[in-house]
Amino acid sequence: MSRNLVSLLNRTSAIGAPTAVELLAAAHAEHGGITDEDVRAVAARTGLPEATVHGVATFYDDLRVPAAARQVRVCTGTACFAAARERHVDALRAGLGLELGEVDDGAGTGLSEAVCLGFCHSAPAVRDGDVVDAGPGAVERVLRGAARAAPEPPARSLLAEPALVRAGTWAGLRRALAAMTPAEVLDEVRAAELLGRGGAGFPAGVKWGFAAGAPGTERVIVANGDEGDPGSYIDKHLMERSPELLLEGMALAGYATGASRGVVLVRSEYPASRPALEAAIAAARAEGLLGADVLGSGFAFEVHVTEGAGSYVVGEETALLACAEGLRGTVSARPPFPAERGLRGLPTVVHNIETLCNVPWIAERGAEAFRAMSPGGTAGSKLVCFNERFARPGVVEVPFGLTVRALCEEAAGGLRDGHAIKAVQIGGPLGGILPAALLDTPFDLAPLAQAGCMVGHGSIVAFDETTSMREVARHLLRFGAHESCGTCFPCRIGLQRAHEAFASGAPVDRARLEELLETLEVASLCAHGGGMPAPIRSLLAHFPDELGLC
Amino acid sequence: MRVSVDGAPVEVPAGATVLEAVRAAGGDVPTLCFDERLSPFGACRLCLVGVDGAPAPVAACTTPCREGMRVDTGDERAARAARAVVELLLSELPAAPEPHTELAALARRLGVGEPRWPGATHEADHDLRHPYLALRHELCISCGRCVRACDEIQGAFALTATGRGFTANVAAGIGAGFRDSACVSCGACADTCPTGAITEISLLDLATEAA
């Protein structure tokens, strides 16, 4: 990331001021596209060069694709694919008479795609304006102009005393401020062995230690609400149903590391998340739980929300910080790590939403109780979420260590309408695919890794017996190529070539494909290019006859 | 601090990168997005080397040395990846790069010939309105050297990366070209461009064209 651009920003724009991404998105929402005048105005307001702002406007999906007064966004995520392949997309194209990315100026209607809307429990999903409709009849209702907000199943817990499926009480923060030093809070989180829940599994306590020990007095806590994994709606649930847990976790992280400022970056595909968080922030401020003097303790902590504009890779931490600065959401090589030089050059702790939501429970109940939640497994519990193919989809809090079969059959009731599981993809598009024969694999980091899979962020997407695995490969690689940020060469060109190979209909040369997968794995700059081969490797291992190889 | 490169000890200053250590030891690894005048970028992934303790090769240009580090420039996976990446690069260009360019020289050095990937290539799009600088977008490989040169050497910020994924490219100003940008005609971008996507228009070019 350019240090000069960050200096320019720091001269003109305070942290918390609208970013170039948000200002461009507002202009786009107003007149359906971005003009040169918009770019000049945003450059003047943010202190960024005009060319830089132009670069931002060409990066994000929301800014690149024209929109109309009535914009229909069809979800092409993996849960919608598993439910309907592309039938829902075709029906909307035919019904509206529009191609994806096209606008009918006369009718004032536009059609575009979104990946994903986070209504995977009721796929296929369609967003009409800010209303997300989903499930049977959604497409027909949207075409009639009668979209209705899809209901969301309540979250459940397999644990008697859940850490995450509950309303926030702020008891952890009250206890910490009354009875613990910042170092003691940090030690408690370290002793709890809390691992990052976004997919990488990095120990949170170690990350906090880096930031707490960084030079300077100012630090920032950044909550990664860019839950882009198609098939995942865990963070959406937390941000919209339990925002107090997130805010309390951020305040505790701030107290432990010496940060007085928190930023939540929310993805634009979740129109209800930002309002829910902002309402919770306002309520917490009113009660003295956030602000210049939290609960009269002298500890100051403020949180603000910023919004992305359509990019999967912004979920990667360096890209996330670039987006939160209003810049192109591209990945930067590390070091420097965010703990050393993050948002606006400040030491920064970047955490997934769910990771932060675990912290209040640890502060309230202690490290030992947290580790005891999953006997013999990874410390704590995990939220998983199931797609529409299951009989009882939804967000469920589970201990680590149950088998994937137990989760699929007992927690989610098996598949609906007598269908059978052909395979499940766990943890998003970079996760391996587990065939039905391996469902007895325990749901935990090490055993899933051994099966070529991962816990990832915890989404469980089932493909039923009617699914073509070549179509799954094409679906995943289309997403991978479209979402490549374009920085590193292997991912930028390699995913395009891999997608072309599966989209062509011609036989795929297995030896060449495997060479390409190795290049992506060995040479990519971040987990996007490095991880996209994982599901393709699974398909090669378990479904080679379906892939049309030569 | 002391590190070893392919078994040979070498002394490097604190904060040195693995690439600097390799070069100080008289070794060499291929690079394409690297220019020693600019901050390292880590995009081309050609300078991958093995280092002890790392499960996979790392980019030499963005990895700092640590005391006692053992660097292996002969890692087989890294060598395969470098050749594969250069082949991917050639496959995105509508025509082979001019023989004098850094990319063409690198392809010769690594023994990469005609790319075997069918598929999309960049569409021709030329900005030839500026008196001294020409930009041929289809030759751009998004190495970021011109954008960093404009930022770090000249401070003009006339250039930006654009698009994303396979459609990533560069643009001057608000996409309208060098003439309508903050460009001060310093030529740093053309000087660092490894593919001839940005070139200086010389009096000789103009004379040749006129003839």
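For the structure given in this document, a descriptive report is provided here. Remember, it's a predicted structure, so these values are computed and weren't measured experimentally. (Residues numbered from 1 in each chain as written. Chains lettered and ligands numbered in written order. Predicted model: local features only at pLDDT ≥ 70, side-chain atom pairs only at ≥ 80, totals over all residues. Heavy atoms only, no water.)

**A closer look at the overall build of chain B**
A count of helical and extended segments in chain B gives six helices and ten strands. Against the 2.2 N^0.38 benchmark of 17 Å for 211 residues, chain B shows a C-alpha radius of gyration of 19 Å, consistent with a compact globule. Out of the 211 residues belonging to chain B, those deemed buried represent 55%. Considering only contacts within chain B whose residues lie at least 6 apart along the sequence, 57% involve residues at least 24 apart. (Helix = DSSP H or I, 4+ residues; strand = E, 2+ residues; numbered from the N terminus. Rg over C-alpha atoms; globule rule 2.2 N^0.38 Å. Buried < 20%, exposed > 50% of the residue type's maximum accessible area, 1.4 Å probe, protein only. Contact = heavy atoms within 4.5 Å.)

**Regarding the pattern of salt bridges**
Where charged atoms of side chains with opposite charge meet at close range, the side chains can pair. Under the defined criterion, the tally for this structure stands at 47 salt bridges over all chains. Between A:Glu388 and A:Arg389 there is a salt bridge whose closest N-O contact spans 3.0 Å. For the pair shown, A:Glu388 and A:Arg389 are each scored as buried. The residue B:Asp28 makes a salt bridge to B:Arg23 at a minimum N-O spacing of 4.0 Å. Connected through salt bridges with shared partners, the residues A:Glu22, A:Arg274, A:Glu278 and A:Glu307 form a single ionic network. (Salt bridge = Lys/Arg side-chain N within 4 Å of Asp/Glu carboxyl O.)

**Here's the deal with the pairing of strand β7 (residues 220-225) of chain A**
Residue and element names in this part refer to chain A. With six of six residues buried, β7 is to be regarded as a mostly interior element. Burial along β7 is two-sided: Val 220, Val 222 and Asn 224 and Ile 221, Ala 223 and Gly 225, pointing in opposite directions, are all buried. Relative to strand β8 (residues 261-266), β7 runs parallel, the two sharing six bridges. Looking at β8, one finds that Ile 221 is bridged to Gly 262. Summarising the sheet, β7 and strand β10 (residues 348-352) pair through five bridges and their orientation is parallel. Counted as the bridge partner of Asn 224 is Asn 352 from β10. (Pairing = 2+ DSSP bridges.)

**Describing the sheet that holds strand β4 (residues 125-128) of chain A**
All names here are of chain A. Ordered by their spatial adjacency, five strands build an open sheet running β2-β3-β1-β4-β5, and the pairing between neighbours is mixed. Two strands close off the open sheet at either side, each with one partner strand: β2 (102-104) and β5 (131-134). Pairwise comparison of adjacent strand axes, ignoring direction, gives a mean angle of 20 degrees for this sheet. Across three bridges, the pairing between strand β1 (residues 70-75) and β4 is antiparallel. Among the inter-strand pairings, Val 74 is bridged to a residue of β4, identified as Val 126. (Axes fitted to C-alpha atoms, helices over the stretch in contact; angles between N-to-C directions.)

**Side note on the packing of aromatic side chains**
In total, this model carries eight aromatic pairs over all chains according to the counting rule given. Their ring planes at 80 degrees and their centres at 4.9 Å tell us that A:Phe59 and A:Tyr60 sit as a pair that is edge-to-face. Each member of the pair, A:Phe59 together with A:Tyr60, is buried. Cluster of aromatic residues (ring-pair linked, three or more members): A:Tyr255, A:Phe299 and A:Phe301. Its guanidinium or amino end placed over the ring of A:Phe59, B:Arg164 lies 5.6 Å from that ring's centre, counting from NZ or CZ. (Phe/Tyr/Trp six-rings, centres within 6.5 Å; stacked < 30°, edge-to-face > 60°. Lys NZ or Arg CZ within 6 Å of the ring centre and 35° of its normal.)

**Some remarks on the nonpolar core**
Grouped together as the largest cluster of nonpolar side chains are 173 residues, with contacts concentrated most on A:Trp208 and A:Leu246. Ranked by the residues each element gives to this core, the list is headed by helix α13 (residues 243-257) of chain A, at nine residues. Beyond its immediate sequence surroundings of up to four residues, A:Trp208 is in contact with A:Val185, A:Leu186, A:Val189, A:Leu252, A:Ala253, A:Ala256, A:Thr257, A:Val349, A:His351 and A:Val359. In terms of nonpolar packing, the next biggest core, distinct from the first, is built from 26 residues, B:Val10, B:Val18, B:Met69 and B:Ala81 among them. (Core = buried A, V, L, I, M, F, W, Y, C linked by side-chain atoms within 4.5 Å.)

**Quick notes on the sheet that holds strand β6 (residues 156-157) of chain A**
Residues and elements named next belong to chain A. The six strands lie next to each other as β6-β12-β11-β15-β13-β14, forming an open sheet whose pairing is mixed. Every other strand in the sheet has two partners, leaving β6 and β14 (433-435) as the edge strands with one partner each. Its contacts with the sheet put helix α18 (residues 404-411) on β6, β11 (381-386), β12 (395-399), β13 (421-426), β14 and β15 (459-464), and the angle it makes with β13 is roughly 110 degrees.

**Digging into the interface of chain B and chain A**
Across the boundary between the two partners, chain B contributes 47 residues, which contact 49 residues of chain A. Roughly 3,700 Å² is buried in total at the junction of chain B and chain A, and carbon and sulfur atoms are behind 58% of that figure. Contact with chain A buries area across many residues of chain B, yet B:Phe157, B:Arg164 and B:Ile174 alone supply 24% of it, more than any other trio. Run the count over chain B and chain A and you get six salt bridges. (Buried area = accessible area lost by both parts, 1.4 Å probe.)

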